[in-house]
Amino acid sequence: IEQTNSSESEGNMPKRQRLTRASTRLSQSSQDLKRGADHDESPPLTPTGNAPSSESELDISSPNASHDESQAKDQASRDSDKDLSHRPKRRRCHETYNFNMKCPTPGCNSLGHLTGKHERHFAVSGCPLYHNLSADECKVKAVSREKQEEEAKGQEESNSRHATRHQTPTSKQSRYKEQVSEIRKGRNSSLQKEQKEKHMEHRQTHGNTREPLLENITSEYDLELFRKAQARASEDLEKLRIQGQITEGSNMIKTILFGRYELDTWYHSPYPEEYARLGRLYVCEFCLKYMKSQTILRRHMAKCVWKHPPGDEVYRKGAISVFEVDGKKNKIYCQNLCLLAKLFLDHKTLYYDVEPFLFYVMTEADNTGCHLVGYFSKEKNSFLNYNVSCILTMPQYMRQGFGKMLIDFSYLLSKVEEKVGSPERPLSDLGLISYRSYWKEVLLRYMYNFQGKEISIKEISQETAVNPVDIVSTLQSLQMLKYWKGKHLVLKRQDLIDEWKAKEIKRGNSNKTIDPSSLKWTPPKGT
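Per chain, the residues get numbers from 1 upward, laid out in the order the sequence is written. Note on the predicted model: pLDDT of at least 70 is required for a residue's local features to be given, and 80 or more for side-chain atom pairs to be given and counted; whole-chain, interface and lining totals, by contrast, use all residues. Based on all heavy atoms of the structure, the side-chain values leave hydrogens and waters out of the count.

In the nomenclature of an unreviewed UniProt entry, the protein corresponds to Histone acetyltransferase from the organism Echeneis naucrates. According to the UniProt record, the Catalytic activity (unreviewed entry) comment for the protein is "L-lysyl-[protein] + acetyl-CoA = N(6)-acetyl-L-lysyl-[protein] + CoA + H(+)". UniProt positions are given in the numbering used here, feature names are shortened, and annotations may be inferred rather than shown by experiment. Regarding the protein, the relevant UniProt record gives this comment under Sequence similarities (unreviewed entry): "Belongs to the MYST (SAS/MOZ) family."

Have a look at this one:
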């Protein structure tokens, strides 16, 4: 068979090269069977040493090579079909949609997309019906936009080859500019009576559930530019959804870019919908203005003149400063501060009504400006003598002692006002832990310095400006309060005092303490 094949293969070399591994195995098995037919009466074996698995492996009746080839091809096709039947099916890569979610636009079936590239949409930004279009119209517009982009790309490549440092407009560019000017001049600036009625009827019928009619408001050229920008923004939003940064129906901001930090958020904050649905927000760390993209943030930072919070600097020691910001005088800044704080606070409910509050913003200065560390707000006129309404330490400054500094500063203001203060309830989980730690430290320090024999809760409250209720709860948690013979006695536990003193010595002279001599502040009038 080898000689026959070699002689015939001179003219049919490509055909012989197409034989599969199965045909080669078949020819070898047939040779082995011919050689051992006269010597062995036992069942023939395959090259692997096993009994043949099919009749085709034993079929050697015809010595014709072409017949062997046809059998080999049939066997190869059966083997390939068998391999394919056991091979796992390759899944087509496609976009997944949650079909339980529906577009919020009334009357929309969630089919189509403003970009014309997707079969479904989940938000108003991609809804053709909201933009007074149909799914087919969006597809047609998408095709025309792709053609225009390809032509523009080719034009840019040709221009880049012959670009100079100060390139003058080409004749084609000049003609295009003249055409655009003519289009804009030729538009009738005032709407006709029928057009006005049509616009008013559309607005009365659909209200805010549809986009206003934009035809005849501006030139066709400018309207087309606006439609392109809408489609591009919708496409960017769709990419974020596919990447998992946002989900259908989710309006929670997951991350913010704040200065040189990228912070993961903890809770929902009521930012405007067009910002909240992006999933990622860019915030200026000085004026706290929020933006949609890093490009907008970079342009803003290039012209932002703020390097510290507005208001009066009432405390400075080293790099740490505290600014007093009036919610009535700097309303926008305080609202942005409250929206930012809600991303990390669960129980916060104040966002926009900031006028009755004063905000004390702590910053850390370097050569680029005063960076936000944390803040606490305080009512100008508190009926229950709350010295803190809301308090927050930014996540990047947590577990560094800044939280206790903010609490200590709030009690320092209460001492200057000659009042007893307490934080407004309910406290967040982290806030409650910080306050309990601060109250414990204040009581142990007071008892370490106390030299008398009898101590009263009222005296402790007057000297530390801590509310008696908070003092009693802290004494109970430390097991330093005992009821004996009809009286409450305060026990001086020396073991706890010694343990606190050892920690103080180990900590040394830390900069994370408030120095009362560095405060330059007088209580506002009317408080």
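Q: How should the pattern of salt bridges be read in this particular structure?
A: Side-chain pairs of opposite charge can arise whenever the charged atoms involved come near each other. What counts as a salt bridge is simple: a side-chain nitrogen of Lys or Arg found within 4 Å of a carboxyl oxygen of Asp or Glu. In this structure the tally under the stated criterion is eleven salt bridges. One salt bridge in this structure joins R227 and E211, with 3.0 Å as the shortest N-O distance. Here the residue R227 occupies a position in helix α8 (residues 220-242), and E211 occupies one in the loop between α7 (193-206) and α8, the gap between them amounting to 16 residues. K317 is the partner of D515 in a salt bridge, and the nearest nitrogen-oxygen pair spans 3.9 Å. A run of H or I in DSSP becomes a helix once it reaches four residues, and a run of E becomes a strand once it reaches two; helices and strands are each numbered from the N terminus.

Q: I would appreciate a short explanation of the side chain of H113 in the present structure.
A: One can find H113 in the loop between α4 (65-86) and α5 (135-161). Residue classification places H113 among the buried positions, given a relative accessible area of 2%. As used in this structure description, the phrase polar contact means that two N or O atoms lie within 3.5 Å; if the pair is within protein, one of them must be able to donate a hydrogen and the other to accept it, and residues adjacent in sequence are counted only when both atoms belong to side chains. There is a polar contact of 2.9 Å between the side chain of H113 and the side chain of T115. Here, two residues are considered to be in contact whenever any of their heavy atoms come within 4.5 Å of each other. Leave out the neighbours within four places in its chain, and H113 touches H118, R120, H121, G126, P128, C138, S234 and E238. Relative accessible area decides the class of each residue, using a 1.4 Å probe on protein chains only: under 20% of the type maximum gives buried, over 50% gives exposed, and in between gives partly exposed.

Q: Can you walk me through the pairing of strand β2 (residues 261-264) in this structure?
A: The pairing of strand β1 (residues 255-258) with β2 spans four bridges and is antiparallel. Bridged to T255 within β2 is D264. The rule for pairing is simple: two strands pair if DSSP sees at least two bridges between them. Between β1 and β2, which pair antiparallel in sequence order, lie two residues; one of them, G259, sits at a positive phi of approximately 65°.

Q: Sorry, what's going on with the UniProt feature "active site" (unreviewed entry) in the protein here?
A: UniProt tags E424 as "active site" (unreviewed entry). By the secondary structure assignment, E424 is in the loop between β11 (422-423) and α13 (429-449). Setting aside residues no more than four positions away along its own chain, E424 makes contact with E379, Y386, V388 and S389.

Q: Can you walk me through the environment of V322 in this structure?
A: In this fold, V322 is placed in strand β6 (residues 320-326). It is 9.3 Å that separates the C-alpha atoms of V322 and L406, two residues lying 84 residues apart in sequence. Among residues more than four places away in sequence, those in contact with V322 are D312, E313, V314, Y315, Y360, V361, M362 and F409.

Q: Sorry, what's going on with the sheet that holds β1 here?
A: Backbone hydrogen bonds are what pair the strands of a sheet, in a parallel or an antiparallel way. The strand order across the open sheet built from four strands is β2-β1-β3-β4, with neighbouring strands paired in mixed fashion. Each edge of the open sheet carries a strand with a single partner, namely β2 and β4 (290-291).

Q: Just to check I follow, could you spell out the layout of surface pockets for this structure?
A: The method is simple in principle: a probe with the dimensions of a water molecule rolls over the atoms, and the space it marks as empty is what remains. Size it by volume and the largest pocket reaches roughly 1,400 Å³. For the lining of the largest pocket, the element with the most residues is α13, which contributes 13 residues. Each residue is assigned to one class: nonpolar for Ala, Val, Leu, Ile, Met, Phe, Trp, Tyr, Cys and Pro, charged for Asp, Glu, Lys and Arg, and polar for all the others, Gly among them. Grouping the constituent residues of the lining of the largest pocket by class yields 21 nonpolar, 15 polar and twelve charged. Of the grid points, spaced at 1 Å and generated over the protein atoms alone, those admitting a 1.4 Å probe that cannot get out make up cavities, while open sets with protein on both sides within 12 Å along at least five of seven lines make up pockets; any residue with an atom within 4 Å of a point is treated as lining. Grid points are joined across faces, edges and corners, and a volume is the space filled by probe spheres set on the points. By volume, the second largest pocket amounts to about 1,000 Å³. In terms of lining, the second largest pocket is formed by 28 residues, of which the most central are Q148, E149, A152, Y176 and K228. Mapped by element, the contributors of at least two residues to the lining of the second largest pocket are α5, α6 (171-186) and α8. When residues of the lining of the second largest pocket are assigned to their parent elements, the largest contribution, ten residues, is made by α5.

Q: It is not clear to me how the packing of aromatic side chains should be interpreted in this structure. Could you clarify?
A: Two measures describe an aromatic ring pair: the distance that separates the ring centres and the angle between the ring planes. Two aromatic rings, drawn from Phe, Tyr or Trp (for Trp, its six-membered ring), form a pair once their centres lie within 6.5 Å of each other, and the interplanar angle then sorts them: stacked below 30 degrees, edge-to-face above 60, tilted otherwise. This model, assessed by the stated rule, comprises 14 aromatic pairs. With a centroid separation of 5.4 Å and 15° between ring planes, the pair formed by Y411 and Y438 is classed as stacked. Here Y411 is found in helix α12 (residues 402-417), whereas its partner Y438 is found in helix α13, with 27 residues between them in sequence. This pair shows no difference in class: Y411 is buried, exactly as Y438 is.

Q: How should I be thinking about the sheet that holds strand β10 (residues 390-393) in this particular structure?
A: Sheet architecture is open: five strands sit in the order β5-β6-β7-β8-β10, paired in antiparallel fashion. Two strands bound the open sheet, and with one partner strand each, they are β5 (312-317) and β10. Here the strands of the sheet are splayed against their neighbours by 20° on average, with no regard to which way each runs. Bridge count for β6 against strand β7 (residues 357-366) is seven bridges, and the pairing is antiparallel. Note on β7: the bridge partner recorded for E324 is Y360. Axis lines are fitted through C-alpha atoms, for helices just across the contact stretch, and the angle between N-to-C directions can take any value from 0 to 180 degrees. Strands in contact with α12 are β5, β6, β7, β8 (369-379) and β10; relative to β8, the strand with the most contacts, it is inclined by about 50°.

Q: How should I be thinking about α12 in this particular structure?
A: Residues lying three or four places apart along an α-helix face the same way, a consequence of the helix completing one turn every 3.6 residues. In a helix, the anticipated span is given by 1.5 Å times the number of residues less one. The terminal C-alpha atoms of α12 lie 23 Å apart, and with 16 residues this matches the ideal 22 Å at 1.5 Å per residue to within 8%. Of all the residues in α12, the buried ones are F402, M405, L406, I407, F409, S410, Y411, L412, L413, S414 and E417. Of the residues flanking the end of α12, it is E418, one or two places downstream, whose phi is positive at about 60°.

Q: When you look at the environment of Y352 in this model, what are you seeing that I'm missing?
A: Looking at where Y352 falls in the secondary structure, it is placed in the loop between α11 (331-342) and β7. Residue Y352 is classed as partly exposed on the basis of its relative accessible area, which comes to 41%. C-alpha separation for the pair Y352 and L339, spaced 13 residues apart in sequence, amounts to 8.6 Å. In this structure Y352 touches P270, K331, Q335 and L339, once residues within four positions along its chain are discounted.

Q: Can you walk me through the side chain of E441 in this structure?
A: Structurally, E441 can be placed in helix α13. Not counting the four nearest positions on each side in its chain, E441 is found in contact with K404, W500, E504 and R507.

Q: Would you explain a negative patch on the surface in this entry?
A: Excluding any residue in a salt bridge, patches collect residues exceeding 30% relative accessible area, merging like charges within 9 Å and nonpolar Val, Leu, Ile, Met, Phe, Trp and Tyr side chains within 5 Å. Per-residue and other accessible areas follow the Shrake-Rupley method at a 1.4 Å probe size, with only the shown protein chains counted as cover for residues. A residue counts as positive if it is Lys or Arg and as negative if it is Asp or Glu; His and the chain ends are not included. We put the charge of a Lys on NZ, of an Arg on CZ, of an Asp on CG and of a Glu on CD. On the surface, a cluster of negative charge is made up of E146, E149, E150 and E151. Within the secondary structure layout, E146 lies in helix α5.

Q: Any chance you could explain the environment of S434 here in plain terms?
A: With respect to the element layout, S434 can be found in helix α13. The exposure class assigned to S434 is partly exposed, which follows from its relative accessible area of 28%.

Q: Any chance you could explain the nonpolar core here in plain terms?
A: Side chains of nonpolar character tend, in soluble globular proteins, to be buried together. Buried residues of nine kinds, namely Ala, Val, Leu, Ile, Met, Phe, Trp, Tyr and Cys, make up a nonpolar core once their side-chain atoms join them within 4.5 Å. Ranked by size, the top nonpolar core spans 74 residues in total, and within it L340 and F409 carry the most contacts. Domain extents, as shown, originate in an automatic or database domain assignment. Of the domains in this structure, domain 2 (249-306) and domain 3 (307-507) are the two that each give at least three residues to this core. Setting aside residues no more than four positions away along its own chain, L340 makes contact with I256, F258, Y271, L288, L372 and M394. Formed by eight residues, the second largest nonpolar core is a distinct cluster that contains C287, M291, L297 and C304.

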